[in-house]
Amino acid sequence: MQPLNFIAGDATAPQAKGPKVIAHICNDLGGWGKGFVLAISRRWPEPEREYRRWHRERAGNDFALGAVQMIRVQPDIWVANMVAQRGMKRGSGGPPIRYDAVESCLEAVAEHALASGASVHMPRIGCGLAGGTWERIEPIVSKTLGARSVATTVYDYG
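Predicted, not measured: the structure shown is a model, and the values here were computed from it. (Residues numbered from 1 in each chain as written. Predicted model: local features only at pLDDT ≥ 70, side-chain atom pairs only at ≥ 80, totals over all residues. Heavy atoms only, no water.)

One open sheet accounts for six strands, arranged β1-β6-β5-β2-β4-β3; its pairing is mixed. Strands at the two margins of the open sheet, each flanked by one partner only, are β1 (5-8) and β3 (68-74). Pairs of neighbouring strands in the sheet enclose a mean axial angle of 30°, with direction left out of account. Here three bridges tie strand β5 (residues 119-122) to strand β6 (residues 152-156), and the two strands are oriented parallel to one another. Note on β6: the bridge partner recorded for M122 is V154. Most of the contacts of helix α3 (residues 99-116) go to strand β4 (residues 77-85), to which it runs at about 165°, and overall it touches β2 (20-27), β3, β4 and β5. (Pairing = 2+ DSSP bridges. Helix = DSSP H or I, 4+ residues; strand = E, 2+ residues; numbered from the N terminus. Axes fitted to C-alpha atoms, helices over the stretch in contact; angles between N-to-C directions. Contact = heavy atoms within 4.5 Å.)

Among the five residues in β6, four count as buried, and that is most of the element. Bridge count for β1 against β6 is four bridges, and the pairing is parallel. Counted as the bridge partner of I7 is Y155 from β6. Between the parallel pair β5 and β6, the chain is carried across by helix α4 (residues 134-144), and the sense of this crossover is right-handed. (Buried < 20%, exposed > 50% of the residue type's maximum accessible area, 1.4 Å probe, protein only. Right-handed = clockwise from strand over helix to strand, strands pointing away.)

What follows is the structure, given as structure tokens:
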């Protein structure tokens, strides 16, 4: 069991040596333009471009809730576009976050991290625009990453 590490800082500038994965949540509508994705896009154009292409070509690929797209942005950094948000607005079904999709996505991220010897870095995923609560997300992160001994750092910005 690897405990989660919490630090103040920017998740797009991961504080670790070796390979790193920056994990974040995307919606299932192809929208990219608010929240943490803006910080990603300021640093690298590839994650947004590849996410939009993945969504546009979804009839012929695995784009769906629970799917992950790993985008290499530097020799030792990947961005994990994790589809774990149904739509973009709170409605009668509650907030857009889908906790089961978060778990599926993080299981895939853990596989990648273990295979590449990477640590995982993230903001408090799912707790902003997706409307989730950290009280529900943190146990999922601990179960999928921490329990598999994947070093994981959660960043609180500002």
